[in-house]
Each structure stands twice: as structure tokens, then as C-alpha cells.
Amino acid sequence: MTTEEIELALEGGRFAIMISIIVFVAWAGWNRGLLHRWAWRFSMTAFLLLLLGITVDVIDDYETTRAIFTWHDTLFYTFLEKGVGYLGGFAFMFLAAWRWLPHSDALKREKQMAEAGRADAEQQRDTLRDQLTQAQKMEAIGALTGGIAHDFNNLLMVIDGYARRATDNIGKQPVVVESLQQVLGATKRAAALTKQLLVFSRRQAMEKKVARVTDLIASVHGLLAQATGERINLLLEIEDGASCIETDNNEFSQTLLNLTINARDAMPGNGTITIASRLTKGSDGKDDAIEISVTDTGAGMDEATVERIFEPFFTTKERGKGTGLGLATAYGFMQASGGEIRVQSTLGSGTTMSLLFPVSERPLVETPTETRSTARGGGETILLAEDNEPVLKLIHETLTELGYQVLSAPSGFEALERETSWDGAIDLLLTDVVMPGLSGIEVAQVVRERRPNAKIIFMSGYTDEAKKTGQMPCGATFLQKPIDMKRLAEVVRTELDRSEMSKAS
Amino acid sequence: MPSVMDRFTDFRVLLVEDDPQSMNLIRSMLNDLGIYQVHTASNGLKAKNFLEDEETKDVVNVMICDWNMPLVSGIDLLRHVRESKPDMPFLIITGQADEESVKEARTAGVTGYIRKPFTVDDLRKKLGIVQSILSLRSPVEPRANAG
């Protein structure tokens, strides 16, 4: 290699170095602040190449340079000599940069994505804040409506009870009878309203009964078929239908109907809804549970929707078509039932909503279809505890009229005092659950200890407190307020008869 | 059947009564029933202090309190006690059968009433119920002479 040749190569080298500096500076400036993983690697590579070029340039000593290049032998030498190597190198770098570095379009996209991400995050934050506010609002509304409905129930019971007594005793005075019937009608409607309020506030006491799964589904099947209409196939796949669960019949029907209507609405055209039941395991994986599921072949839901479906007021239906309370109530109902609700959905292929109930160990009590026409007393003694005095008075008078001996007390302690000083038998304890001082549950426990044969009926407008203590004696009957006096008479009679049956056996 | 002495030995009573003579009478009645752990306070404030003092606040498990007392009445004390000890049996001694006041006390969470004048026998009945409640609420608490 001659000196001229080296000179030539170095000239080429200088030119290449200059170009590479310009490219690097331009590129580095362009990508400022975006030293991407790859950008960083390439910039380092470019920088090292430049350093090499500059070194070669600075040395400026043919002998040394030649020594270096000779030493490095052919590859590097040829690379320098031809200059083509430089071009190839830069072409490679350029292409690599083009392939790997965020050039302007990608940069724009990235910026947009970052902005979108930020907007998403902000929106999510707002949504969460809204949800929290919503949850707190729901809690407050729940507490308020629950409280009002509870007190209102007591008033309704008094109005209803006295209006009934008046109707029974008024004789033939059409105007008065009719007026009183209007009062009774209005009370009934008001009671339905408070029941709704209590469902909404989830403070309503459930009247749990042991029931067979088949019976439960059969009782609501007609209603479901009516709701789904003709264009949709309604299939039943009942396994282990003989197993029993404990639930409130009405609430159960309402929940299943809600799920079915949702399934129907998810299928605007034709489709199939399958209602299935099978034995499975609960969430703890140990206890047996009955899964009752409603499966549709509809549009399905994306993950974001699935996550929110149990939120109150969340609805995918058009404004005015859904309240967004259906699944929230179903969720509350399942929690109150000691079970859980699950959802499994795939976009495009449908949704399965499952209700998991713990299997009941309690025996099934067949309720007689015919209630006694005269649910009258036969001199049995009833211990009555109720802190609301008008209600106490009403129940006392009603039961006395029916022929029972009633020991009534306005508090738990006083009920126990009456019990202590009563020498005769006590056949039944009828007590309010929530009373200041001593609760109905405690009264029941003391009475049960002292008089194991006494039957127990609890009355309450709501059972939050009762549930919290978790001490509701098993096997006790529960009456939801407002209590219709006729129903009270029937329940008292049934309970007392049950006690005689168990004594006889 | 356990004797009276057996039944009430778990009782640790705070008796609040402003009239010294009544206080002595009630205390001796309690002693007759086998209750010897009787702490006394001659007014509501002293009772409050007793219940708030770190050393003595968990000493008693039953309260018997007169209704009519100066400064802090029985019902005031009841409300105060209910804030920190919602489950403590609280018997209030009433002189007059004023229905309104009785209702007020019931709402405030009184356990039971002892109407003046009362005999040892009345007291035994009331405390018998309190005993049931106590054993219900703390079934693990060892009962002296239970066997």
C-alpha cells in the first residue's frame, strides 16, 4: 500500500467521518429525550466508530497509521481503502436506524399512545373516584332507606292491624267497611313499597326455607318461559335436583328471573338459554355447593364490562331500559344467602352467570298446601317481647283474641322477668330481634336453656344486627315485618303444632 | 340445685347510690345473696372515674345504679357506660313509675329496672336473669363452684 493510497483512504475517511458526525448530530437531536434502548445502542456504536475515525484523523502520521492498518491487515484496510466499506457501514447503520429507532411516524404514534395512556389513566382515576363516591352514596342511601323502611314497617303494622280489627268488628256499615278496606289496600301497597326499599338497601330480612333445587326451578319455570318468549329456546339441565338449599323463595325467583331477562336481552335475535344445576364445590373448595347457572348464546361481554357488572347503576342497556340494580341486587342476595355469584363470558359466544348456594344439611319440611281456616289458639302460653309499644299492644290483643295466654314485655329483660315469675308452661317465645339492652336472640337463648320445649319465632324489619351476632338459633322461625296479623296467627299455630308433633314423636 | 351462694359468686358489682342509708341497705342485700365484691360510688362522677381509671375499669361486670342523683343522673351514667361497654348488665333503681323516663332508659339500653321498694327476693330474681345473660355472653368464663 502506497502513501498516496493511504492518503486517499484517509481523505475518504475524513469525508465519511464528517458525514457520520452530521448524521449523528441530526439523529441525536431528533431523538433527544427518547434514548430508546435501541437508540442508545446504536448511538453508542456510531460514537465508537466516530471515535475510531477521529483517532485515525488526529494521528495524522502516515507511518503510524500505516503500521496500524497493516497490523490490522486486510479487512479493516480494505474497508478504509475502498470507502465502499464506509458507505456500506453507513447504509447498514441507516437501515438499522430506520428499522429499530423510533423515526418520526413511530414517534408520533408513541406520543399519541402516551397521551392516550395518560388520558386513560386520568379517566380511570375519575371513574374510581366516582365509584367510591357512588359506593359511599349507596351505603348512605341504604342506611337511610333501611332505617326509614324499618320504622315505617312498624307504623304500617299498627295501621293494618287495627284497620283489620275494626273491619272484623264493625258489623254492617257499608261506608265504614269500604273505607277501612281502602285503608287496608293502601297499607298493602305501602308494605310492598317498603319491601322494595329494603331490597334496594339490602337490609331486608330473608325468609329462608329449605327447598329442593328442582322445586325452586320448577316454581319459577313458567315465569321464565314467559319472559324469554318464543324466539328463544329455554333449556333445563338439572343435575342433583334433589339436593336442598336454604333460600328465600321470592328472592330466588326474582334473581333467576333477572338473570334470564339479562340473557334474553343479550340475544337480540334467536338463541338458547340454558338453566342448569349441578353439584360442585364452593369457593373454599371444601364444602359442597349447588351451582345454578344461566347460560346464553348471546354477544358476550368484554373484560371491562365483566368487571363492572355487579356495580349498582352499571348497565349496558339503553337509558330507561335497565336500572343497573338487577345484578347488584343479585349480588347482595347471594351474599346474604352465604353463597356467591360468578360470571364467565366470552365475546361473541355468550355468558354464563352462576349462583352458588351451600348445600343445606337441614331437613326439608313439607309445608302443607292448605292452611288452617281457623288458626286459633287453644290456651297455649306465648311469651312476647317487642320494644315498639303499639306493635306490642297490637300483637298482644290479637293473640289474646285468638285464644292464647300472652305474657308481653316491652324489653328483653322484662320478658325474662315474666318468664322467671311464670310458674306454668311457656309454649312459644315470640320476640323482636333488635331491642336495646337485651336482644331477642339473647332472650331466646336464655329461654331455650330454661325451657327447651318452647318454640321460638323471631320478628324483625331487618336483620343486619341479627346477622352480625351470628347467633340466630338454628331451627327458629323468622317473620319479616310488617307482619300481617292473619299470617302471624298462622305461623304461630304452625309453630305450636310442630312442637306438639315433635313431642309426640 | 345450686344454692344462692353458688349462683352469684361471679358477680362484681358497682353500686352507685347517693343516699348512704340506701347504699348500705342494698350492699347488705347483695351480701345476703352471696355477692361480696361490691364496689360503691356515691355519685355519678365517681362512678365515671371508677370506670375510666386504668386500674379499675375492668373490675366490675354488673352495674346497679340509682336513677335520681345530683349532677350525673342514672340515665346519664347509663348513656356514658353504653358508649364503652354496650354489653355490661346495667340495672337501674327507680322510685317513681314514670312511664316516659322508663321508655327513655329502655331506649338508652338499660338492662332492667329495680322498682323501689324491693326485697332481697326481688333482687335475687333480677340477678338470676343477669346471671343467665352473663353466662350466655361469656360461656368460657370459669364459674366458681360450678360442679
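Look a little higher up for the structure.
The sections below set out a description of the structure shown in this document. Owing to the predicted nature of the structure, the values given are computational and were not obtained by experimental measurement.

## Regarding the pairing of strand S11 (residues 455-460) of chain A
Residue and element names in this part refer to chain A. In terms of burial, S11 is largely enclosed, as six of its six residues are buried. On S11, burial covers both faces: Lys455, Ile457 and Met459 on one face and Ile456, Phe458 and Ser460 on the other are all buried. The sheet contact formed by strand S10 (residues 428-432) and S11 spans five bridges and is parallel. Across the sheet, Leu429 pairs through a bridge with Ile456, a residue of S11. For the crossover that starts at S10, traverses helix H13 (residues 440-450) and ends in the parallel S11, the hand is right-handed. Taken together, the four bridges between S11 and strand S12 (residues 477-480) define a ladder with parallel strand orientation. Opposite Met459, over in S12, you have Leu479 as the bridge partner.

## Comments concerning the side chain of Asn61 of chain B
Residue and element names in this part refer to chain B. Along the chain, the position of Asn61 falls in the loop between helix H3 (44-52) and strand S3 (62-66). We classify Asn61 as buried; its relative accessible area is 11%. Among the polar contacts made by the side chain of Asn61, one reaches the main-chain carbonyl oxygen of Asp10 at a distance of 3.1 Å. In this structure Asn61 touches Asp10, Phe11, Arg12, Met88, Pro89 and Leu134, once residues within four positions along its chain are discounted.

## Description of the packing of aromatic side chains
All names here are of chain A. By the definition in use, this model includes three aromatic pairs over all chains. Residues Phe252 and Phe357 carry aromatic rings whose centres are separated by 5.8 Å and whose planes lie at 50 degrees to one another, so their mutual orientation is tilted. Of this pair, Phe252 sits in helix H8 (residues 249-265) while Phe357 sits in strand S7 (residues 350-358), and the two are 105 residues apart along the sequence. As far as burial versus exposure is concerned, Phe252 and Phe357 are alike and both buried. Note on Phe333 and Phe357: the rings are 6.2 Å apart at their centroids and 65 degrees apart in plane angle, and the pair reads as edge-to-face. In this pair, Phe333 is assigned in helix H10 (residues 326-336) and Phe357 in strand S7, connecting sequence segments 24 residues apart. A single burial state applies to Phe333 and to Phe357, both of which are buried. Aromatic rings pair up to connect Phe252, Phe333 and Phe357 into one cluster.

## Some words on the interface of chain A and chain B
Every contact between the two is made by 16 residues of chain A and, on the other side, 18 residues of chain B. At the junction of chain A and chain B, the tally comes to three salt bridges. A salt bridge links Arg106 of chain B to Glu389 of chain A; its shortest N-O distance comes to 3.0 Å. Listed by contribution, the elements that provide at least two residues to the side of chain A that touches chain B are helix H12 (412-421) and H13 of chain A. Among the elements that make up the side of chain A that touches chain B, the one with the highest residue count is H12 of chain A (six residues).

## As for unusual backbone geometry
Despite not being glycine, Leu71 of chain B has its phi angle at roughly 65 degrees, a positive value. The topology assignment puts Leu71 of chain B in the loop between S3 and helix H4 (74-84).

## Some details on a nonpolar patch on the surface
Residue and element names in this part refer to chain A. On the surface, a cluster of nonpolar side chains totalling about 540 Å² of accessible area is made up of Leu144, Ile148, Phe152, Leu155, Ile159 and Val183. For the nonpolar patch, the element with the most residues is helix H5 (residues 104-169), which contributes five residues. Within the secondary structure layout, Phe152 lies in helix H5. Taking the relative accessible area as the measure of exposure, Phe152 reaches 35% and is therefore partly exposed.

## What to know about the pattern of salt bridges
Residues and elements named next belong to chain A. A complete count under the given rule lists 22 salt bridges over all chains for this structure. Note that Arg129 and Asp126 form a salt bridge whose closest N and O atoms lie 3.0 Å from each other. Placement of both Arg129 and Asp126 in helix H5 is noted, with a separation of three residues, approximately one turn of the helix. Residues Arg493 and Asp497 are paired through a salt bridge, measuring 2.9 Å at the closest nitrogen-oxygen approach. With Arg493 and Asp497 both in helix H15 (residues 485-504) and four residues apart, the pair spans about one turn of that helix. Accessibility expressed as a relative area gives 6% for Arg493, which makes it buried. Beyond isolated ion pairs, a larger network of salt bridges with shared partners links Arg125, Asp126 and Arg129.

## Regarding the packing of H12 of chain A against helix H6 (residues 120-137) of chain B
In contact at an axis separation of 10 Å, H12 of chain A and H6 of chain B are set at 115 degrees when each is read in the N-to-C sense. Crossing of H12 of chain A against H6 of chain B: the hand is right-handed. Contacts between H12 of chain A and H6 of chain B pair Phe413, Leu416, Glu417, Thr420 and Ser421 of chain A from the former with Lys125, Lys126, Ile129, Val130 and Ile133 of chain B from the latter. Per-class residue counts for the contact of H12 of chain A with H6 of chain B are five nonpolar, two polar and three charged.

## Thoughts on the nonpolar core
Val443 of chain A together with Phe11, Leu30, Ile35, Ile64, Leu123 and Leu127 of chain B are the most contacted members of the largest nonpolar core, which has 45 residues in total. With seven residues, H6 of chain B is the single largest residue contributor to this core. Those residues in contact with Leu123 of chain B that sit more than four places away from it in its chain are Met29, Leu30, Leu33, Ile114 and Phe118 of chain B. Core analysis: the next-biggest nonpolar cluster, separate from the first, contains 33 residues, Ile232, Leu259, Ala263 and Ile309 of chain A among them.

## A closer look at H3 of chain B
Residue and element names in this part refer to chain B. Restricting attention to buried positions, one finds in H3 the residues Gly44, Ala47, Phe50 and Leu51. Viewed along the axis of H3, the buried residues span an arc of 115 degrees, placing them on a single side of the element. Residues of H3 that are buried sit in contact with strand S1 (12-16), strand S2 (37-41), S3 and H4. The backbone nitrogen of Leu45 has a side-chain oxygen 3.0 Å away, supplied by the residue at the start of H3, namely Asn43.

Conventions adopted
- Residues numbered from 1 in each chain as written.
- Chains lettered and ligands numbered in written order.
- Predicted model: local features only at pLDDT ≥ 70, side-chain atom pairs only at ≥ 80, totals over all residues.
- Heavy atoms only, no water.
- Buried < 20%, exposed > 50% of the residue type's maximum accessible area, 1.4 Å probe, protein only.
- Helix = DSSP H or I, 4+ residues; strand = E, 2+ residues; numbered from the N terminus.
- Pairing = 2+ DSSP bridges.
- Right-handed = clockwise from strand over helix to strand, strands pointing away.
- Polar contact = N/O pair within 3.5 Å; in protein donor to acceptor, adjacent residues only side chain to side chain.
- Contact = heavy atoms within 4.5 Å.
- Phe/Tyr/Trp six-rings, centres within 6.5 Å; stacked < 30°, edge-to-face > 60°.
- Salt bridge = Lys/Arg side-chain N within 4 Å of Asp/Glu carboxyl O.
- Patch = residues over 30% accessible without salt bridge, like charges linked within 9 Å, V, L, I, M, F, W, Y side chains within 5 Å.
- Areas by Shrake-Rupley, 256 points an atom, 1.4 Å probe, with all protein chains shown as cover.
- Axes fitted to C-alpha atoms, helices over the stretch in contact; angles between N-to-C directions.
- Left-handed = near helix turned anticlockwise from the far one by under 90°.
- Nonpolar A, V, L, I, M, F, W, Y, C, P; charged D, E, K, R; others polar.
- Core = buried A, V, L, I, M, F, W, Y, C linked by side-chain atoms within 4.5 Å.
- Arc of directions from axis to C-beta.

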